Number of protein chains: 2
Amino acid sequence: MSDLKEANDLVQLRLIFLGTSSSIPTPGRSLTSLALMRGKEILLFDVGEGTQRQMIKIGIGFGRITNIFITHFHGDHILGLLGLLQTMSLLNRDRPLNIYGPRGIIGFLRNNMRYLKFGLTFQISVHEVKGGVIMKEKDYVVEACPSEHSVRSYSYLLKEFDRQGVFYPEKASKLGVPKGKLWSTLQRGENVTIGDKIINPDQVLGKKRPGRKIGISGDTRPSPLLSKLFSNADVIVFDSTYGEEYLDKAKENMHSTCVEAAQLAKDAEAKLLVLTHFSARYSDVSKLVFQALKIHPNVVAASDLEVIEVPYPDERV
Amino acid sequence: MSDLKEANDLVQLRLIFLGTSSSIPTPGRSLTSLALMRGKEILLFDVGEGTQRQMIKIGIGFGRITNIFITHFHGDHILGLLGLLQTMSLLNRDRPLNIYGPRGIIGFLRNNMRYLKFGLTFQISVHEVKGGVIMKEKDYVVEACPSEHSVRSYSYLLKEFDRQGVFYPEKASKLGVPKGKLWSTLQRGENVTIGDKIINPDQVLGKKRPGRKIGISGDTRPSPLLSKLFSNADVIVFDSTYGEEYLDKAKENMHSTCVEAAQLAKDAEAKLLVLTHFSARYSDVSKLVFQALKIHPNVVAASDLEVIEVPYPDERV
């Protein structure tokens, strides 16, 4: 039944926080980067200075990175990208790589590669995003949505498609479908024909099970657009540069407070809020978590090299 | 006698290794950067990715950096520069800063600051070096010399001027110079007049005492030009990407082995050789030190955040 097993296999999804500091690093926090590891591939959201070394420290390797998403053109979100590309080339990568970012990313890369003269050993496809679905894979999409920061910036959402429902072998047997390949066909959602009878997958499968939704805000003020983008997300990773006592600064610098992040997560009915991008003024961010917990019941603060596993909604305990 | 004390004061000179890895960082080694802290100022040689965070970790601050020297345009030597400039601006620096580097550095900075849009809060003067004395201060100069690497590259030498000789108070008293301001004048190497008698500093001072010479190779093959540049240096910090077993690779990639570094230090009659820029293949570099010690009696391997104090030649024990 290996076919059936594979079709039922769950894809592991982990968030690995490579850098959780805003603008200036601290002894304990590197600059912004988040690795979303889904199955065997890594999607990297922002590549602040120091990202490659954080990846080396945690030992996840560079080969699995398939797609890189840049939220905006501030140094603390992009200045690790060139070093990462250089290191991938030094390691003789040949797997193609997609890079998504705001308008200007093509010029930024082209100019710097001219100065730095490191020959890429692999193909990169660089995409200037405008919003909407920017990437579609077999079982998920990534959407971009303009966020509200001091420069052109985007938030991203990874949205898995619904999975097939649970397969009921006894129903299949009762309908006369022999165990084996045809079970897998039904499990994949395709009809099978037994004699002159067409068996429909709905007859043997439970109802569809929802995929996961992961939202990554980048630097932003809260906004109705983002509440909508992130609605019903399993996890929102949100700008929490400041505590509520610095709301004025958050507004001035186009960031969010932990409480604003929590309010947005509540409005969006997100299951878990992960605070990140902390101002260097906070050596201990537990205060920010407590402030946010007054608004939303499920809040954690990201720390460098921390791994958060994201279960499917129907697996959540 | 505070004037006399000040005139006799020694200027502390320390080398602080911020990154000692070649091309790819490792868990224990950040990318290349060396802070030469002389008195209250810091001269930074190369600014690999991660330099600002290393400085934050060791707590030496950014305000004292007066001059930055880039050896060449490889990412692992320059990709921390933009983040450092951004951080200095976020900290509202107003002290001007000099940046020296190979041809192209002006364009590199201009282009990136256009993309990254961080407004500098301070003036930078960017100098494209060609070799020779590139900077002259009250009591030292910095020289650049072309090195032999795969792209245009320079080695640097900091050379202090000779200091005045030891002041002999008894000689001054015997010549009728009253204790006080005039002693300081003589100590500074200027004549004083007592009645109709001109007293020459040579009459009260010992012979001039040599200043210090610090050589920083950057990435390079050994070369006669560098042996000459570094002759009689107190310290040479030299490319030691490989052990002697990888001489072929060193030649191919235009780097040096530890043994070649030691031979150059020996030829130059340098007092201390500091090996650095180690290939990521070496987690333990003691083997490289032992290989080098067969050629030169005084060799150490740099490690990240290590501080080496450099005494004056006449103070050395």
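Notes on the structure in this doc start here. (Residues numbered from 1 in each chain as written. Chains lettered and ligands numbered in written order. Predicted model: local features only at pLDDT ≥ 70, side-chain atom pairs only at ≥ 80, totals over all residues. Heavy atoms only, no water.)

### Focus: the interface of chain A and chain B
Consideration 1: The interface is formed by 42 residues belonging to chain A together with 42 residues belonging to chain B.
Consideration 2: Our count for the chain A to chain B interface comes out at zero salt bridges.
Consideration 3: Inspection of the chain A/chain B interface yields 16 residue pairs in polar contact (both at pLDDT 80 or more).
Consideration 4: Of all the elements in the fold, those that place two or more residues in the side of chain A that touches chain B are helix H2 (51-58), helix H3 (75-78), helix H4 (81-90) and helix H5 (105-116) of chain A.
Consideration 5: Ranked by residue count, the leading element in the side of chain A that touches chain B is H5(A), at seven residues.
Consideration 6: Here the residues of the side of chain A that touches chain B are counted per class, giving 15 nonpolar, 19 polar and eight charged. (Contact = heavy atoms within 4.5 Å. Salt bridge = Lys/Arg side-chain N within 4 Å of Asp/Glu carboxyl O. Polar contact = N/O pair within 3.5 Å; in protein donor to acceptor, adjacent residues only side chain to side chain. Helix = DSSP H or I, 4+ residues; strand = E, 2+ residues; numbered from the N terminus. Nonpolar A, V, L, I, M, F, W, Y, C, P; charged D, E, K, R; others polar.)

### Brief notes about the pattern of salt bridges
Pairing between side chains of opposite charge can happen when their charged atoms approach one another.
Residue and element names in this part refer to chain B.
Consideration 1: According to the stated counting rule, one finds 18 salt bridges over all chains in the structure shown.
Consideration 2: Put simply, Glu-190 and Arg-188 hold a salt bridge, and the shortest N to O gap is 3.5 Å.
Consideration 3: Look at Glu-190 and you get partly exposed, because its relative accessible area is 40%.
Consideration 4: Among the residues examined, Arg-188 registers a relative accessible area of 48% and is labelled partly exposed.
Consideration 5: As a salt-bridge pair, Arg-221 and Glu-260 come within 2.7 Å of each other at their nearest N and O atoms. (Buried < 20%, exposed > 50% of the residue type's maximum accessible area, 1.4 Å probe, protein only.)

### What to know about the sheet that holds strand E7 (residues 132-136) of chain A
Residue and element names in this part refer to chain A.
Consideration 1: Here we have seven strands laid out as an open sheet, ordered E7-E8-E9-E12-E13-E14-E15, and mixed in their pairing. Each edge of the open sheet is held by one strand with a lone partner, namely E7 and strand E15 (299-301). Neighbouring strand axes in the sheet, compared pairwise and without regard to direction, differ in orientation by 20° on average.
Consideration 2: Across four bridges, the pairing between strand E9 (residues 154-160) and strand E12 (residues 213-216) is antiparallel. For Tyr-156, the partnering residue across the bridge sits in E12 and is Ile-216. (Pairing = 2+ DSSP bridges. Axes fitted to C-alpha atoms, helices over the stretch in contact; angles between N-to-C directions.)

### Let's talk about the relation of the copies chain A and chain B
Consideration 1: Turning chain A through 180° and shifting it by 0.0 Å along the axis lays it on chain B, with an RMSD of 0.0 Å. The transformation relating the two chain copies, once decomposed into turn and shift, fits a two-fold axis. It is Gly50(A) whose C-alpha, among those of chain A, lies nearest the rotation axis, at 2.6 Å.
Consideration 2: With an isologous cut-off of 70% or more, the 100% of interface residues of chain A that recur at the interface of chain B puts this contact in the isologous class. (Least-squares fit on C-alpha atoms with pLDDT ≥ 70 in both.)

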